[in-house]
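# A look at the structure
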Amino acid sequence: GATYTAVIGTGFVDNEGTASAGYSWTFSVASAVNPKVSTVFPLDESDGVSRSATIRATFSKSIDPDTIKGDLVTPSTTFLVYVDANRNGVYDAAIDTQQVPGVVEYVDSTLTATFTPDPQLTYAAYVVVLKGGAADPTIRDLNGTEMAADYPWNFSTVPDVGPAKRYYQHVVRF
């Protein structure tokens, strides 16, 4: 945190005409507390996630909703979902270039941002990155304090199983 010194100078006179000798004191303020990700869904490294699932992150404190964006056309996107092309669970900008389209909604009463893919997810591995750090774009709290660093996690969805088929056996006797 920062340390400050306050000074009341000399030359002030009280109601009785006594001049002030001056006074100073020092105080410190706590460092700003960076917002953190408390929980995510799907959980990191989950397998078999429903392809219709929404992706959620809950934060440790209120977030400025203008700093949580997930659309493909905004350069300030901070809630990013990518297909994990090499299925290694780590975001690699050179390989993981297919960003998932969707909409982000932030609800302050639950401190939760929800990404709804549109269209729904396919059978694949995914990497999610919430942008942090000092450089914009970054997720910030209501005081403008940024998340300290990016928050990545990964999951994979269930495969297509197709509709159930029913087979009949018909026995004919003569």
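Scroll up for the structure.
Just so you know, these numbers come straight off a predicted model, no measurement behind them. (Residues numbered from 1 in each chain as written. Predicted model: local features only at pLDDT ≥ 70, side-chain atom pairs only at ≥ 80, totals over all residues. Heavy atoms only, no water.)

### Focus on unusual backbone geometry
The linkage connecting Phe41 with the following residue, Pro42, adopts the cis geometry, with an omega of -5 degrees. By the secondary structure assignment, Pro42 is in the loop between β3 (37-41) and β4 (46-49). The peptide bond linking Asp118 to Pro119 adopts the cis configuration, its omega dihedral lying at 5 degrees. Residue placement: Pro119 occurs in the loop between β8 (112-117) and β9 (125-130). Of note, the phi angle at Arg87 is positive, near 50 degrees, even though the residue is not glycine. (Helix = DSSP H or I, 4+ residues; strand = E, 2+ residues; numbered from the N terminus.)

### Describing the sheet that holds strand β7 (residues 102-107)
If you trace the four strands from one edge of the open sheet to the other, you get β3-β5-β8-β7, paired in antiparallel fashion. On the outer flanks of this sheet lie β3 and β7, each paired with one strand and no other. Adjacent strand axes in the sheet meet at a mean angle of 15 degrees, parallel and antiparallel pairs treated alike. In this sheet, β8 lies alongside β7 in antiparallel orientation, the contact comprising six bridges. Across the sheet, residue Val104 finds its bridge partner in β8, namely Phe115. (Pairing = 2+ DSSP bridges. Axes fitted to C-alpha atoms, helices over the stretch in contact; angles between N-to-C directions.)

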